[in-house]
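Remarks on the overall topology
Spelled out, the chains give:
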Amino acid sequence: MSDAKILRGHRELMRRYAELEAGDAFIGQVGEKHIRQALLIDCQARGVRCYPSPLAQCLHHSKSAQAFVLKEFLLPQTRVISRRSDLLAAVGEYGKAGIGAVVTKQDHMHCGHGVRLWESAELLYSLMGLDSEAFPFVLQPFLADFTDVRVIIAGPYVEAYTRSNPDGFRKNLSAGGMSAPYRLSSEEVEFCRRIMDRAGFPYAHIDLHILEDGGIYMSEIALNGGLKGAAIRRPELDQIKQDILELLAKGA
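The structure reproduced in this document is the subject of the present report.

What counts and how
- Residues numbered from 1 in each chain as written.
- Predicted model: local features only at pLDDT ≥ 70, side-chain atom pairs only at ≥ 80, totals over all residues.
- Heavy atoms only, no water.
- Pairing = 2+ DSSP bridges.
- Helix = DSSP H or I, 4+ residues; strand = E, 2+ residues; numbered from the N terminus.
- Axes fitted to C-alpha atoms, helices over the stretch in contact; angles between N-to-C directions.
- Parallel < 35°, antiparallel > 145°, perpendicular 65-115°, else oblique.
- Left-handed = near helix turned anticlockwise from the far one by under 90°.
- Contact = heavy atoms within 4.5 Å.
- Expected span 1.5 Å × (residues − 1).
- Buried < 20%, exposed > 50% of the residue type's maximum accessible area, 1.4 Å probe, protein only.
- Arc of directions from axis to C-beta.

A look at the pairing of strand E9 (residues 157-164)
Where strand E8 (residues 147-154) and E9 come together, seven bridges link them in antiparallel fashion. Directly across from alanine 154, in E9, lies its bridge partner tyrosine 157. Counted between consecutive antiparallel strands, the loop separating E8 from E9 contains two residues, among which glycine 155 sits at a positive phi close to 65°.

Some thoughts on the packing of helix H5 (residues 84-96) against helix H6 (residues 121-128)
Put simply, H5 and H6 touch, their axes get as near as 9 Å, and they point 160° apart. As summarised for this structure, H5 and H6 are arranged roughly antiparallel, according to the angle between their axes. Seen from above, H5 lies across H6 with left-handed handedness. In this structure, H5 contributes Arg84, Leu87, Leu88, Val91 and Tyr94 to the contact, and H6 contributes Ala121, Glu122, Leu124 and Tyr125.

Here's the deal with the sheet that holds strand E10 (residues 178-181)
Pairing between the strands of a sheet comes from backbone hydrogen bonds, and it takes one of two forms, parallel or antiparallel. The five strands are arranged E10-E9-E8-E11-E12 in an open sheet whose pairing can be described as antiparallel. Strands with a single pairing partner mark the edges of an open sheet, and in this sheet they are E10 and strand E12 (216-222). Each adjacent strand pair in this sheet contributes to an overall mean axis angle of 30°, direction not counted. The sheet strands contacting helix H7 (residues 186-199) are E8, E9, strand E11 (203-210) and E12, and the helix crosses E11 at an angle near 125°.

Let's talk about H7
Taking 1.5 Å per residue as the helical rise, H7 with its 14 residues ought to reach 20 Å, and the 20 Å between its terminal C-alpha atoms agrees with that figure. Those residues of H7 that fall on the buried side of the exposure criterion are Glu188, Phe191, Cys192, Ile195, Met196 and Ala199. Seen from one end, H7 has its buried residues packed into an arc of 135°, which puts them on one side. Those residues of H7 that are exposed and angled more than 90 degrees off the buried face are Ser186, Glu187 and Asp197. Looking at the buried side of H7, the elements it contacts are helix H3 (54-60), E8, E11 and E12. The first or second residue beyond H7 is glycine 200, which carries a positive phi of 70°.

Written as structure tokens, this is what we have:
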């Protein structure tokens, strides 16, 4: 791949897009949200290598896509609600399973702004069933007791910290949560790396729900995220990530 072109950053990609050929590489995230998926699919079809991977870039931007593709790693009974019939079916199935309170996660919203708590799936349907603009979203049972852990993995660098909020159910630090360092077990690190392998993430910010009985579930995954509770600083982490992408693009 010594003769392959490597384009870096969204601006260069847009400027030189027509020049790309099979074997070339693009390093960076696509910024054009309305054509992102089409552009990434086109790159794949033309044999252009993208780092991060097209799958990772799509999942990064959609909680619903994450819940569908990575369902095996999520809390049981988590589902994507794409239309009213999905929600009505969930009401019945949650009722049969004895599930009371539920949480919804709105697509494309971050920092806890799109997370909402409902007394029941039935109440959710009553209030949202007529709002076609509410779809899609992620629906899952509400967990009252668990440890919320943010994990940062970039190559050999691994760091984790807990997030807690005594005044509300949202753990996000931007929503009033507090952080403390957390020592990951080897099982938890392996769980995170399996998620990354499945999703094509070269590095990741992963939120985990760790239950008292030892159960480990993914809440969300992102290519980038807040570092308010982390020891590493943004410039250092960004450099580690860039180095990872450069090595991948060069086939090292």
